[in-house]
Each structure stands twice: as C-alpha cells, then as structure tokens.
Amino acid sequence: MARCEQTLFNAPGEALALTDAARLFLSSEKENKALQAPGFDEHLQAALNCYSFAIKVYIEMNQPVMAASLCLELGNALKEMNRPGEAIVHYQRAAELQTQTPIEALLTMGEMATCKILTRDYDGALSVFTEMQLMCQERGLQLPGTTTPVGAFVDIVAKCEISRVLLLMLLEPPPQKLLPEHAQTLERYAWESFDPHSQVTFLSENVFLLLQSVVMACQEKDTESLKSLQTELWPFLTAEQNHLLHLVVQERIAPSGQGI
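This is a predicted model, so every value here is computed, not measured.

**Student:** Would you explain helix H6 (residues 102–118) in this entry?
**Tutor:** Residue pairs three or four apart in sequence face the same way in an α-helix, which turns once every 3.6 residues. If you check H6, its first and last C-alpha atoms are 24 Å apart, about what 17 residues at 1.5 Å a residue would give, namely 24 Å. By the criterion of burial, H6 is predominantly enclosed, with twelve of the 17 residues buried. Among the residues of H6, Pro102, Ala105, Leu106, Thr108, Met109, Gly110, Met112, Ala113, Thr114, Cys115, Lys116 and Ile117 are the ones counted as buried. A positive backbone phi angle near 65° is found at Arg120, which sits one or two residues after H6.

Written out as structure tokens, the structure is:
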C-alpha cells in the first residue's frame, strides 16, 4: 500500500500506510510476547523499519511535529515492552524534532531520563536532567525582568532539581570530577553557604530544608538520619524520585558500587 502511494507521489498517504503497517507489526509482536511464543523479534524489526520510513517521509514533508509524534509513540511502545535501553534513542530523536515546542521536548527528555534510570545509567540520567533544567532557564517562560520560570516550567525545574540532587548523592562523584554546574547545585544545599534569602524559589521551604538535610546526612554518612528523612520526604516525591532516594539509602547501608 505504501509503495503504491509512493508511486503516486502521495507522501501523506505513504506515511499513513507505513504508520498503519508499523502499528500492526507492533501489535503482532505484543501478542506473541503475551502468548510467550518463540520468535526472533521479526515483527518488532518490521515495525521499527516501517516507523523509520514513516518518520523519514514526514521529515521530507517538513512536518517535524508528526515525525516527533511517531518517535515518541515508538519510544513509549518499547518502554512498555520492557526495552528502555532501546527506547532512549527514539525519545532523544523526538526531543530533537520538538525544538519549536519546548514543553513537549522537556516532557520527552523526562521520559529519556526515566529510561536511563531503568537501565542504571545514573550518570546519563543526571546529564539529561541538567540539560532539561538549563533548557527551562534559557527557553522557558519567565517573570518580566527575572530569570524565574513560570507555569509548567516551574514544575519541570523543581522535578529536575530534586532528581539531580538525589542522583548526585547516589553517584558521589569525587570533587576533582564534579562538573561546575553540579558543584553549584550542591553549594545551594551546603549548610556553610545557607542563606534563607537565597533559597531556591521553585521548591517549597519544607522540601528545600529536607533535601538540605539529606545532603548533609549523606556527607556525614548518618544512615539513621537518612532513613528518617526518607520517611518525611516520601509524600513530596514522585515514584521515580522515591526510587532514587531508596537507592541512596541502600548504598549507605550496603554499598554496591552500582551507582558509580
């Protein structure tokens, strides 16, 4: 069908036919997995090829939003099929195609960071969250005359800040390997440099103080205080952030080196 549309120089029809075929192949792959039927992922490979051609057609038609939506659809499908490592590249491509829509690009990058956490690439997740926070500051809506983000950008910056602090506590990079932007983040939570008037505006005072206590407990290797803080922070964090905090606590109780 897609080849017929291509012969007729009907690019929209070709892209639609390719997308339909990709979804059917993907549905077949999910059915095979549900039935636990043996196979070589042939339906999945066929779906990937059809998605790839459809995305290429949309890019040639100068429709990056449609191309990005297919990348996102494919990434979501792979993540749902417990293939987060393979989903990362599609989320990354979707974010690159969403340059004209910052909010959508940030949400897609958030999915990419989640996949990196699922694959235990904590350093990669930290880089993505850092890039997201920088993007909010550079391209997000801000109060006139300030650098304070507003609207949905505030929520994204707050999420990135909390996740970055927890990932830094998990990774514990040595001072000589600490990037300037990460050092600047940790300085905000250092008791020596604490200034009530310079508190970050995108976090509530309660969450800020609890995070500061977590940083100090990690630096002092105070496991009991960390356990207590985990209970207090739990209702303020997302499921993903609670997972990271749990890993931080576990690393203090029984170091495994997985975070490095």
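**Student:** Where do I start with the nonpolar core in this structure?
**Tutor:** Considering soluble globular proteins, one finds that nonpolar side chains tend to be buried as a cluster. Of all hydrophobic cores here, the largest spans 77 residues; its most connected members are Met132, Tyr189 and Leu203. Residues contacting Met132, with those up to four places away along its chain left out, are Leu106, Met109, Gly110, Ile156 and Cys160.

**Student:** Please explain helix H11 (residues 223–233) as it appears in this structure.
**Tutor:** For H11, every residue scored as buried is listed here: Thr223, Leu226, Leu229, Gln230 and Leu233. With its buried residues spanning 115° around the axis, H11 presents them on a single face. Of the exposed residues in H11, those oriented more than 90 degrees away from the buried face are Glu224 and Thr231.

**Student:** For this particular structure, what's the right way to read the pattern of salt bridges?
**Tutor:** Oppositely charged side chains can pair when the atoms bearing their charge come close. This model, assessed by the stated rule, comprises eleven salt bridges. As a salt-bridge pair, Lys33 and Asp41 come within 3.3 Å of each other at their nearest N and O atoms. A salt bridge links Glu161 to Arg188; the shortest N-O distance between them is 2.8 Å. Of this pair, Glu161 sits in helix H8 (residues 152–171) while Arg188 sits in the loop between helix H9 (180–187) and helix H10 (205–220), and the two are 27 residues apart along the sequence. A residue is classified by how much of its surface remains accessible, and Glu161, at 0% relative accessible area, is buried. Overall, the relative accessible area of 27% leaves Arg188 in the partly exposed class. Three or more residues joined by partner-sharing salt bridges are found here, namely Glu29, Lys33, Asp41, Arg83 and Glu86.

**Student:** Please explain the confidence of the model for the chain as it appears in this structure.
**Tutor:** When pLDDT is low, close inspection of the predicted coordinates is not appropriate. Chain-level statistics for the chain give a pLDDT mean of 88 and a share of 88% at 70 or above. Confidence, expressed as mean pLDDT per element, reaches its minimum in the chain at helix H1 (residues 2–7) with 54 and its maximum at helix H5 (residues 84–97) with 97.

**Student:** Whenever I open this one, unusual backbone geometry confuses me. Can you help?
**Tutor:** Residues other than glycine predominantly adopt negative phi, and peptide bonds predominantly adopt the trans conformation. Here Glu172, not a glycine, exhibits a phi torsion of approximately 50°, which is positive. Residue position: Glu172 is located in the loop between H8 and H9. A positive phi is found at Lys221, a non-glycine position, where the angle reads about 55°. Following the sequence through the fold, Lys221 ends up in the loop between H10 and H11. The exposure class of Lys221 is exposed, given its relative accessible area of 61%.

Basis of the calculations
- Residues numbered from 1 in each chain as written.
- Predicted model: local features only at pLDDT ≥ 70, side-chain atom pairs only at ≥ 80, totals over all residues.
- Heavy atoms only, no water.
- Helix = DSSP H or I, 4+ residues; strand = E, 2+ residues; numbered from the N terminus.
- Expected span 1.5 Å × (residues − 1).
- Buried < 20%, exposed > 50% of the residue type's maximum accessible area, 1.4 Å probe, protein only.
- Core = buried A, V, L, I, M, F, W, Y, C linked by side-chain atoms within 4.5 Å.
- Contact = heavy atoms within 4.5 Å.
- Arc of directions from axis to C-beta.
- Salt bridge = Lys/Arg side-chain N within 4 Å of Asp/Glu carboxyl O.
- pLDDT = per-residue confidence, 0-100.

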